Amino acid sequence: MFSSQGPSARELCVQALSSVEHGYDLLAPKFDYTPYRTADVVLDTTAEALAGLGPFTDGLDVCCGTGAGTQVLTTLCRGRITGVDFSANMLAQARAANPDALWVRADARALPFAERFDLAVSFGALGHFLPSERPALFEGVYRALRPGGLFAFPIEAPPPLTDSWYWQTLGFDLVMRVRNTVWRPPFVMYYRTSRLPAIRADLTSAGFSVTADALTGAGRYRDGSPHRLLVLARKP
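Computed from a prediction, not measured in an experiment: that's the story for all the values here. (Residues numbered from 1 in each chain as written. Predicted model: local features only at pLDDT ≥ 70, side-chain atom pairs only at ≥ 80, totals over all residues. Heavy atoms only, no water.)

Draft legend 1. Structural detail: the overall build of the chain. Helices and strands together make up the secondary structure of the chain, namely eight helices and seven strands. In terms of overall dimensions, the chain has C-alpha extents of about 45 × 40 × 35 Å along its principal axes. Expressed as a percentage of its 236 residues, the buried residues of the chain come to 49%. A fraction of 65% describes how many contacts in the chain between residues 6 or more apart in sequence connect residues 24 or more apart. Accessible area for the chain stands at about 11100 Å²; split by element, carbon and sulfur atoms hold 58% of it. Side-chain charges in the chain split into 23 positive and 22 negative, and the spacing between the mean points of these groups amounts to 3 Å. (Helix = DSSP H or I, 4+ residues; strand = E, 2+ residues; numbered from the N terminus. Buried < 20%, exposed > 50% of the residue type's maximum accessible area, 1.4 Å probe, protein only. Contact = heavy atoms within 4.5 Å. Areas by Shrake-Rupley, 256 points an atom, 1.4 Å probe, with all protein chains shown as cover. Lys, Arg positive; Asp, Glu negative; His and termini not counted. Charge placed at Lys NZ, Arg CZ, Asp CG, Glu CD.)

Draft legend 2. Layout of the sheet that holds strand E1 (residues 59-62). Reading across from one edge, E3-E2-E1-E4-E5-E7-E6 is the order of the seven strands in this open sheet, with mixed pairing throughout. The two strands at the open ends of the sheet, each matched to only one other strand, are strand E3 (102-105) and strand E6 (209-214). Ignoring strand direction, the axes of neighbouring strands in this sheet form an average angle of 20°. Sheet topology places strand E5 (residues 145-156) next to strand E7 (residues 228-234); seven bridges connect them, and they run antiparallel. Opposite Leu 150, over in E7, you have Arg 234 as the bridge partner. Relative to the sheet, helix H6 (residues 134-144) contacts E1, strand E4 (117-121) and E5, its axis offset from that of E5 by approximately 140°. (Pairing = 2+ DSSP bridges. Axes fitted to C-alpha atoms, helices over the stretch in contact; angles between N-to-C directions.)

Draft legend 3. A look at the packing of helix H1 (residues 9-16) against helix H2 (residues 20-27). At a minimum axis distance of 8 Å, the contact between H1 and H2 shows a crossing angle of 155°. Considering their axes alone, H1 and H2 lie roughly antiparallel with respect to each other. Residues Leu 12, Val 14 and Gln 15 of H1 pack against Gly 23, Leu 26 and Leu 27 of H2. (Parallel < 35°, antiparallel > 145°, perpendicular 65-115°, else oblique.)

Draft legend 4. A look at helix H3 (residues 40-50). Listed in full, the buried residues belonging to H3 are Val 42, Leu 43, Thr 45, Thr 46, Ala 47 and Leu 50. Contacts made by the buried residues of H3 are with helix H4 (70-76), E4, E5 and E7.

Draft legend 5. Representation of the nonpolar core in the model. Counting 32 residues, the largest nonpolar core has Phe 138, Phe 151, Phe 153, Leu 203 and Phe 208 as the members making the most contacts within it. With near-sequence residues (within four places) excluded, Leu 203 lies in contact with Phe 138, Phe 151, Phe 153, Phe 208, Val 210, Val 231 and Ala 233. Counting 25 residues, the second-largest nonpolar core is a separate cluster that includes Val 42, Phe 56, Leu 73 and Ala 152. (Core = buried A, V, L, I, M, F, W, Y, C linked by side-chain atoms within 4.5 Å.)

On their own, these measurements won't tell you what the molecule is for.
Structure (structure tokens):
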């Protein structure tokens, strides 16, 4: 599906019936040929938005997958780039593409870092965390940042009711809830659980000062509202 180099429908079904970790291990060799990889326009506009907020020395890509987000860190950080993910096969793909970075296998809910980074980013990962798991994720990123460090990540802005994406995400989340009710292990992936008010509250509870800007370069809905917001969480 998606392209001649992408996964087949059967491979996607097997992945969807696996755990999150095992599913991404299976998908890793073909992941970059799917729409699940963060689009370059999102990476580029994020890098542009962050360019004036530094300087940054060491950077961390949280839930790095195959390492697409490290291209943002490479343009902004003068020091060491580190990616962390719990899928060994996704990390293997990332390591092959960027052997100069440090790749760490770990659960993002228990990050093994303390005050090592000036900038942390994450792309497309929040839907894999239940709302009850977000505090541990954000607290771990807070610990990993040096004082004054920045955690930045784009999120989907709520689409208008008249946009087809609104109904697609609603339908997808409903299907996933049914799937996780009747099938084990669960595959946690939801589009509609990572809205700005809840994310802002969790980040604030972790100790961050939070702002959010429209990421207008990443596209707009037909009513003119942005597709994505860029969340900026600063450690005091």
